[in-house]
Amino acid sequence: MLVLVAPGQGSQAPGFLNPWLDLPGVPDRLGLWSDLVKADLVHLGTRADADEIRDTAVAQPLLVAGALLSAAALLGGEEDDGGAARGAVGAVAGHSVGELAAASVAGVFSEEDAMRLVRERATAMAEAAAVTETGMSAVLGGDAEEVAARLAELGLTAANDNGGGQIVAAGTLEQLAELSANRPEKARVLPLKVAGAFHTTHMAPAVAAMERATADITAADPGIRYVSNADGSLVADGQEVVRRLVAQVSSPVRWDLCTETFRRLGVTAFVELCPGGTLTALARRNLPGVDRVAIKGPEHLAAARELITAQAVQADAAPAAEQEL
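Residues numbered from 1 in each chain as written. Predicted model: local features only at pLDDT ≥ 70, side-chain atom pairs only at ≥ 80, totals over all residues. Heavy atoms only, no water.

Draft legend 1. Up close: the overall build of the chain. Of regular secondary structure, the chain possesses 15 helices and 9 strands. Against the globule reference of 20 Å for 325 residues, the chain gives a C-alpha radius of gyration of 19 Å, in line with a compact fold. Projecting the C-alpha coordinates of the chain onto the three principal axes gives extents of approximately 55 × 45 × 35 Å. For the chain, the proportion of its 325 residues judged to be buried stands at 54%. Considering only contacts in the chain between residues 6 or more positions apart, those separated by 24 or more positions represent 73%. Within the structure as shown, the chain displays about 13,700 Å² of accessible surface, and the carbon and sulfur contribution to it stands at 51%. With 25 positive and 42 negative side-chain charges, the chain shows a spacing of 4 Å between the two charge centroids. (Helix = DSSP H or I, 4+ residues; strand = E, 2+ residues; numbered from the N terminus. Rg over C-alpha atoms; globule rule 2.2 N^0.38 Å. Buried < 20%, exposed > 50% of the residue type's maximum accessible area, 1.4 Å probe, protein only. Contact = heavy atoms within 4.5 Å. Areas by Shrake-Rupley, 256 points an atom, 1.4 Å probe, with all protein chains shown as cover. Lys, Arg positive; Asp, Glu negative; His and termini not counted. Charge placed at Lys NZ, Arg CZ, Asp CG, Glu CD.)

Draft legend 2. Expanded view of the packing of helix α1 (residues 26–37) against helix α4 (residues 56–75). The interhelical angle for the contact between α1 and α4, taken along N-to-C directions, is 150 degrees, at an axis separation of 11 Å. As for how α1 packs across α4, the hand of that crossing is right-handed. Seen from α1, the contacting residues are V26, R29, L30, W33 and V37; seen from α4, they are P61, A65, L68, L69 and A72. Considered class by class, the residues forming the contact of α1 with α4 number 9 nonpolar, no polar and 1 charged. (Axes fitted to C-alpha atoms, helices over the stretch in contact; angles between N-to-C directions. Left-handed = near helix turned anticlockwise from the far one by under 90°. Nonpolar A, V, L, I, M, F, W, Y, C, P; charged D, E, K, R; others polar.)

Draft legend 3. Quick look at the packing of helix α10 (residues 204–214) against helix α11 (residues 238–247). One way to put it is that α10 packs onto α11 with a least axis distance of 8 Å and a crossing angle of 150 degrees. Of the possible angle classes, the one that applies to α10 and α11 is roughly antiparallel. Residue-level inspection shows V207, M210, E211 and T214 of α10 in contact with α11, the latter providing V242, L245 and V246. The residue makeup of the contact of α10 with α11, split by class, is 5 nonpolar, 1 polar and 1 charged. (Parallel < 35°, antiparallel > 145°, perpendicular 65-115°, else oblique.)

Draft legend 4. Spatial organisation of the nonpolar core. Counting residues in each nonpolar core, the largest one holds 61 residues, and the members touching the most others are L4, L74, F109, M115 and I295. Tallying contributions element by element places α4 first for this core, with 11 residues. Beyond its immediate sequence surroundings of up to four residues, L74 is in contact with L4, A85, V271, L273, I295, L301, A304, R305 and I308. (Core = buried A, V, L, I, M, F, W, Y, C linked by side-chain atoms within 4.5 Å.)

Draft legend 5. Representation of the pairing of strand β8 (residues 269–272) in the model. Residue alternation in β8 divides its side chains into two sets, A269 and V271 and F270 and E272, and both sets are buried. Bridging between β8 and strand β9 (residues 291–294) involves 4 bridges; their strand directions are parallel. Following the sheet pairing, E272 is matched in β9 by A294. Note that the unit made of β8, helix α13 (residues 278–286) and β9 has a crossover that is right-handed. (Pairing = 2+ DSSP bridges. Right-handed = clockwise from strand over helix to strand, strands pointing away.)

Draft legend 6. Structural view of the packing of aromatic side chains. With the rule as written, the count across this model stands at 2 aromatic pairs. Relative to F262, the ring of W255 lies with its centre 5.7 Å away and its plane at 75 degrees, an arrangement referred to as edge-to-face. Judged by its relative accessible area of 1%, W255 is buried. F262 gets classed as buried once you look at its relative accessible area, which sits at 0%. (Phe/Tyr/Trp six-rings, centres within 6.5 Å; stacked < 30°, edge-to-face > 60°.)

Draft legend 7. Molecular detail of the sheet that holds strand β3 (residues 134–141). Spatial strand order, β4-β5-β3-β6: 4 strands in an open sheet with antiparallel pairing. Edge positions in the sheet fall to β4 (157–163) and β6 (187–191), since each has one partner strand and no second. Between one strand and the next, the sheet's axes are offset by a mean angle of 25 degrees, whatever the strand orientation. As paired elements, β3 and β6 share 5 bridges and run antiparallel to each other. Within the sheet, the bridge partner assigned to V139 lies in β6 and is V189.

Draft legend 8. Local environment of the sheet that holds strand β2 (residues 89–94). One open sheet holds the 5 strands; their spatial order is β7-β2-β1-β8-β9, and the pairing between them is parallel. The strands lining the two open edges of the sheet, one partner per strand, are β7 (225–226) and β9. Of the strands in this sheet, β1 (2–6), β8 and β9 are in contact with α13, which crosses β8 at around 160 degrees.

Draft legend 9. Seen up close, the side chain of T46. Residue position: T46 is located in helix α2 (residues 41–46). Its relative accessible area of 13% is what places T46 among the buried residues. Within the local environment of T46, its side chain forms a polar contact with the backbone oxygen of V42, the two atoms lying 2.5 Å apart. Apart from the residues within four sequence positions on either side, T46 is in contact with G15, L17, N18 and L21. (Polar contact = N/O pair within 3.5 Å; in protein donor to acceptor, adjacent residues only side chain to side chain.)

Draft legend 10. Up close: α10. For α10, every residue scored as buried is listed here: A206, V207, A209, M210 and T214. The arc that holds every buried residue of α10, seen down its axis, measures 165 degrees, which confines them to one face. Seen from the open side of α10, the exposed residues pointing more than 90 degrees away from its buried face are P205 and R212. Tucked inside the fold, the buried residues of α10 contact α7 (111–129) and α11. (Arc of directions from axis to C-beta.)

Below you can see the structure in the form of structure tokens.
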């Protein structure tokens, strides 16, 4: 079973959209999306420097655009062999803002709706982050109970649990500085290049903004199994997917539970959409033996397609009882 995933904030890098502009239709698509998000995605994805694309209001639309561009190139449309490729995807998920791209790929709403929503999400979260100087740091290793106790002592939130001993702590810069100075035994603390304490109560004002932004969204039920960040559960109702996307802004990302769901579903292949790498690295550690492809540029599409084709052949050969899992 193949899982298709979309990365979250912090995965962006200067110029990562450059090679995609050579694909037919991509410049026009980016032009349309730029109008929707009120930002020049071509400039931001090709010429902007690391500081410019670190801004939450910029990074989130860029990441959703990259994931959607690579998904379209990989899966195509129903009118061509992309329909067969899409049918070979057993489940989709996204990490944090990547959930918007995953929901669109699953058919819950259109690419255009995803871009409209990410603009509102990014703007609201950037505004919430500006109220207090906050940030996030990865805590790698250490005893899980000791890490949890240290975060609680400092008033920090475990905003992301990525599994494999990787927790992302979020809070004020002062709290994070104290965590770095007095870290849990045998743990490393690495500050992340994000501009806020995402998925914590610091983001509560952004929830109301997302509720308004989604009020007019007509959500379809997912056409591909959708795995939620909230608790790793499979969500089959489109309106519930949208409700969770709203609440997730101020709630922890449980990628560890998503990984458990992938394992329960019998994952054998893992493809990460552009800009791939972060989630593939987690899968290397937490899903050993699973074939993986990280799509960083168009040059990785062939390997991803080969993996999808192999999964489709295996699915056709599998007994009906296995396919119903």
